Amino acid sequence: RSLKMQASAVLETAARLKEPYRTVFHLRFINSRSFKEIGAYFGKSENWACVTCHRARETVRKEINKHEQGM
């Protein structure tokens, strides 16, 4: 798969995440915001933002892997 196709798959999968995972993923990986900024945006801690981002990233990774194995 090309890099463009991989990026497209990531963005499409991330768009289907539930909140707050979708917004945290977007702020971190599209807008390059720090965990401190993301936490402040939600009125939460920096650690909350880090954990939420990790969970979002893992969900995206698992969904893409599941989709690729089903092809």
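Residues numbered from 1 in each chain as written. Predicted model: local features only at pLDDT ≥ 70, side-chain atom pairs only at ≥ 80, totals over all residues. Heavy atoms only, no water.

Description of the state of the cysteines
For the structure on display, the rule yields zero disulfides. Among the cysteines around cysteine 50, which has no disulfide bond, cysteine 53 carries the closest sulfur, lying 7.1 Å off. (Disulfide = S-S within 2.5 Å.)

Some points on the packing of helix 2 (residues 21-30) against helix 3 (residues 35-42)
It is the contact of helix 2 with helix 3, at a shortest axis distance of 10 Å, that shows an interaxial angle of 145°. Helix 2 and helix 3 meet at a crossing whose hand is right-handed. For the pair formed by helix 2 and helix 3, the contact residues are Thr23, Val24, Leu27 and Arg28 on the first element and Phe35, Ile38, Tyr41 and Phe42 on the second. The class makeup of the residues in the contact of helix 2 with helix 3 is six nonpolar, one polar and one charged. (Axes fitted to C-alpha atoms, helices over the stretch in contact; angles between N-to-C directions. Helix = DSSP H or I, 4+ residues; strand = E, 2+ residues; numbered from the N terminus. Left-handed = near helix turned anticlockwise from the far one by under 90°. Contact = heavy atoms within 4.5 Å. Nonpolar A, V, L, I, M, F, W, Y, C, P; charged D, E, K, R; others polar.)

Some details on helix 3
Every buried residue of helix 3 is listed here: Phe35, Ile38 and Gly39. Down the axis of helix 3, the buried set is contained in an arc of 100°. They therefore lie on one face. Among the exposed residues of helix 3, those pointing more than 90 degrees away from its buried face are Lys36, Ala40 and Tyr41. Structurally, helix 3 contributes buried residues whose contacts are with helix 2 and helix 4 (46-69). Phi for glycine 43, located one or two positions after helix 3, is positive at around 70°. (Buried < 20%, exposed > 50% of the residue type's maximum accessible area, 1.4 Å probe, protein only. Arc of directions from axis to C-beta.)

Distances and angles like these do not, on their own, reveal function.
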